[in-house]
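# Structural description and commentary
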Amino acid sequence: MTETAPDLDRLRGGAPPRNHDARTIAALTANPGCARRGVMDAAGVDKDAVARHLGFPAPFGQSQFAITRGNAFEAQVKADGCAELLTLLRDRLGLAVAEAAYDDLEVVAGNEGRELRHARTRRLLARALETGEGTLFDHPLLRLEIGGRLAYLEPDVIAFQVEGRLHVIEVKSFAVVDGQAEPEQVAAAARQSAVYVLALRRLAAELGHDPGRVSHEVFLVCPENFSNRPTATPLDVRPQLAVLERQLARLTRVDTILEALPEDLCFEPGDALADSVRAVEARYAPECIAGCEMAFFCRDEARACGATGTLGRGVRDDLGGIDTAGTALALADGSLSPSDDLAETAAQLRTAARLRDEALAAARGGAA
Ligand code: SF4
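Counting restarts for each chain, with residues numbered from 1 along the sequence as it is written. Totals for whole chains, interfaces and linings use every residue, but because this is a predicted model, local features are given only for residues with pLDDT of at least 70 and side-chain atom pairs only at 80 or more, for both listing and counting. Computation of side-chain values covers all heavy atoms of the structure but excludes hydrogens and water.

### Here's the deal with the site of the ligand
To keep things clear, this is the line we draw: Whether a residue is near a molecule or strand is decided by its heavy atoms; if any one of them lies within 4 Å of it, the residue is near. Each helix is a run of DSSP H or I of at least 4 residues and each strand a run of E of at least 2, with the numbering of both proceeding from the N terminus.
Lining the immediate surroundings of the ligand are Asn 31, Cys 34, Arg 36, Arg 37, Ala 282, Arg 283, Tyr 284, Cys 288, Cys 292, Met 294, Ala 295 and Cys 298. When contributions to the shell around the ligand are tallied by element, the ones reaching two or more residues are α3 (35–42) and α11 (295–304).

In structure tokens:
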């Protein structure tokens, strides 16, 4: 296993790599069989820029208003070495936070290089696990194995140490009203936090510590009751961790995909970009629209060739091995002979076609 290997760097041309965040990992695990996304993400390709260059921009992310509001809330919570956050943890959650130290890991001596930042994150968290030194570690830069490669992971969270255990603190700008927040937003925050918990657990294990020193209980900090006053809620992310570990294990290995690709493949903007993207197999499904910057390009491509994935993952899985609607129809009307591995599916399609014809004929007879 290597980190950003030269073959992956080459895929970006001269562009700097983009780090993963929890959203990209959650989206990646939602479509573990997509080689295109697997390769582009592993290489740190800016998929948003690629999609825009190809004429298929995907409107992603929060509105400018929501971003500004979120940044202001986060700045408030983290002001003065996270003073307000510490009060919350002590008073509201009753945690025994004695003296608190705050380390910001976003920049190391004016240098934002990710190797340096990751090395500092490792050093400080190793010290915390060994000696209990340090309380709040802001913007740790973590790594997680994705498809057999180590990817940098840029969490916008705080690792918080109390009583010998590390907890993830996630600051979100959606409101908690009368103790309740939008379930979908809480679920998304739980999924994201689980990514960070997993990355911290793997780091703890690498450093020779029990991964259980990183708690499955994370703290979600949100504005309360339409005010800017923060409130903290503990979240148990064990179910999300279990799903994430299962999905990461299912991801197609990037090395295997790379072996089958042209040696000069590159995702640099230019006339050859569309061909380069098409050279890597995609597994489009309508769910991609909510989670991947390449979705409109892939949808266009899938529609043009009549891919079964455009009808939804359920249909594609039911038609396992049949890639296009045209092939499915030809197998159903008998104009195409199936290969041995598709014989059973073809028989089911012929039965479905016969039942459909009978139902239509009956309906026409009833209407006459
Ligand atoms: S949009 Fe395209 S690249 Fe992204 S996950 Fe879907 S099929 Fe893969």
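### Topic: the pairing of strand β6 (residues 165–171)
For clarity, the cut-off: Remark: exposure states derive from per-residue accessible area (1.4 Å probe, protein chains only) relative to the maximum for the residue type, with buried under 20%, exposed over 50%, and partly exposed in between. Strands pair, by our definition, only if DSSP identifies at least two bridges between them. Seen with the strands pointing away from the viewer, any crossover whose path from the first strand over the helix to the second strand runs clockwise is right-handed.
Here β6 lies mainly inside the structure; 6 of its 7 residues are buried. Here strand β5 (residues 157–162) pairs with β6 via 6 bridges, running antiparallel. In the strand pairing of β6, Phe 160 is matched with His 167. The antiparallel pairing of β5 with β6 creates a hairpin that spans 2 residues between the two strands, and Glu 163 there sits at a positive phi of about 50°. Looking at chain direction, β6 and strand β7 (residues 217–223) are connected through 3 bridges and run parallel. Across the sheet, the residue bridging to Val 171 is Val 221, located in β7. Viewed along the sheet, the connection from β6 through helix α7 (residues 183–206) into β7 turns out right-handed.

### Some points on the side chain of Asp 41
Inclusion rule: Two N or O atoms form a polar contact when they lie within 3.5 Å of each other; inside protein one atom must be a possible hydrogen donor and the other a possible acceptor, and for residues adjacent in sequence the pair counts only when both atoms belong to side chains. We call two residues contacting when some pair of their heavy atoms lies within 4.5 Å.
Turning to its location among the elements, Asp 41 is positioned in helix α3. Side-chain polar atoms of Asp 41 contact the side chain of Lys 47, separated by 2.6 Å. If sequence neighbours within four positions are ignored, Asp 41 has contacts with His 20, Leu 28 and Lys 47.

### Remarks on the domain arrangement of the chain
Frequently, the measure chosen for interface size is the accessible area removed from exposure when the parts meet. Which entries qualify depends on this criterion: Here the bounds of each domain stem from an automatic or database domain assignment. As a working definition, buried area equals the accessible area (1.4 Å probe) given up by two parts on being put together, with both sides summed. One side-chain nitrogen of Lys or Arg within 4 Å of one carboxyl oxygen of Asp or Glu is enough to make a salt bridge.
The domain architecture assigned to the chain consists of domain 1 (6–61 + 252–306), domain 2 (64–248) and domain 3 (325–367). Each of domain 1 and domain 2 was reduced to a C-alpha centroid, and the two centroids are 28 Å apart. In this complex, domain 1 contributes 18 residues to the contact, which on the side of domain 2 involves 18 residues. Taking both partners together, domain 1 and domain 2 bury about 1,500 Å²; carbon and sulfur atoms supply 59% of that area. Our enumeration of links across domain 1 and domain 2 arrives at 0 salt bridges.

### Considering the sheet that holds β6
Selection criterion: Helix axes are fitted only over the stretch in contact, all axes being lines through C-alpha atoms; the angle between N-to-C directions runs from 0 to 180 degrees.
In space, the 6 strands of this open sheet follow the order β1-β2-β5-β6-β7-β8, with mixed pairing throughout. Lying at the two open borders of the sheet, with one neighbouring strand each, are β1 (102–104) and β8 (230–236). Looking at each pair of strands side by side, their axes are set apart by 25° on average, direction ignored. Running at roughly 75° to β8, helix α5 (residues 64–92) makes contact with β1, β2 (136–138), β5, β6, β7 and β8 of the sheet.

### Some thoughts on the packing of α7 against helix α8 (residues 238–250)
So the rule is basically this: Comment on the angle field: the value is read as roughly parallel under 35 degrees, roughly antiparallel over 145, roughly perpendicular from 65 to 115, and oblique elsewhere. For any helix crossing, the convention is left-handed if the near helix is rotated counterclockwise from the far helix by under a right angle, and right-handed if that rotation is clockwise. Residues are grouped as follows: Ala, Val, Leu, Ile, Met, Phe, Trp, Tyr, Cys and Pro are nonpolar; Asp, Glu, Lys and Arg are charged; all remaining types, including Gly, are polar.
Where α7 meets α8, the axes come as close as 9 Å, and the angle between the chain directions of the two elements is 70°. Accordingly, the angle class assigned to the pair α7 and α8 is roughly perpendicular. The interaxial crossing formed by α7 with α8 has right-handed handedness. Taken together, the residues of α8 that come into contact with α7 (itself represented by Ala 190, Arg 191, Ala 194, Val 195, Val 197, Leu 198, Arg 201 and Arg 202) are Gln 240, Leu 241, Leu 244, Glu 245 and Leu 248. By residue class, the composition of the contact of α7 with α8 is 8 nonpolar, 1 polar and 4 charged.

### Focus: α3
The buried fraction of α3 amounts to 8 of the 8 residues, a majority that puts the element mostly inside the structure. If you check which residues of α3 are buried, you get Ala 35, Arg 36, Arg 37, Gly 38, Val 39, Met 40, Asp 41 and Ala 42. Phi turns positive one or two residues past the end of α3, at Gly 44, with a value near 70°.

### Considerations on the pattern of salt bridges
It is possible for side chains of opposite charge to pair when their charged atoms get near one another. Throughout the structure, instances matching the rule amount to 17 salt bridges. One salt bridge in this structure joins Glu 170 and Lys 172, with 3.5 Å as the shortest N-O distance. This pair shows no difference in class: Glu 170 is buried, exactly as Lys 172 is. Several salt bridges share partner residues, and in doing so they unite Arg 37, Asp 41, Lys 47 and Glu 293 into one network.

### Details of unusual backbone geometry
Backbone geometry at Cys 82 places phi at a positive 65°, although glycine is not the residue there. Note on placement: Cys 82 falls in helix α5. Phi angles above zero are rare outside glycine, and Glu 163 is one such case at about 50°. Here Glu 163 lies in the loop between β5 and β6. According to the relative accessible area criterion, Glu 163 is exposed, its value standing at 67%.

### A few points about the pairing of β7
Burial analysis of β7 places 6 of its 7 residues in the buried class, the great majority of the element. Pairing analysis gives 7 bridges linking β7 to β8, with the strands arranged antiparallel. Bridging across to β8, Leu 220 finds its partner in Thr 233. Joining the antiparallel neighbours β7 and β8 is a turn of 6 residues, in which Asn 225 adopts a positive phi near 50°.

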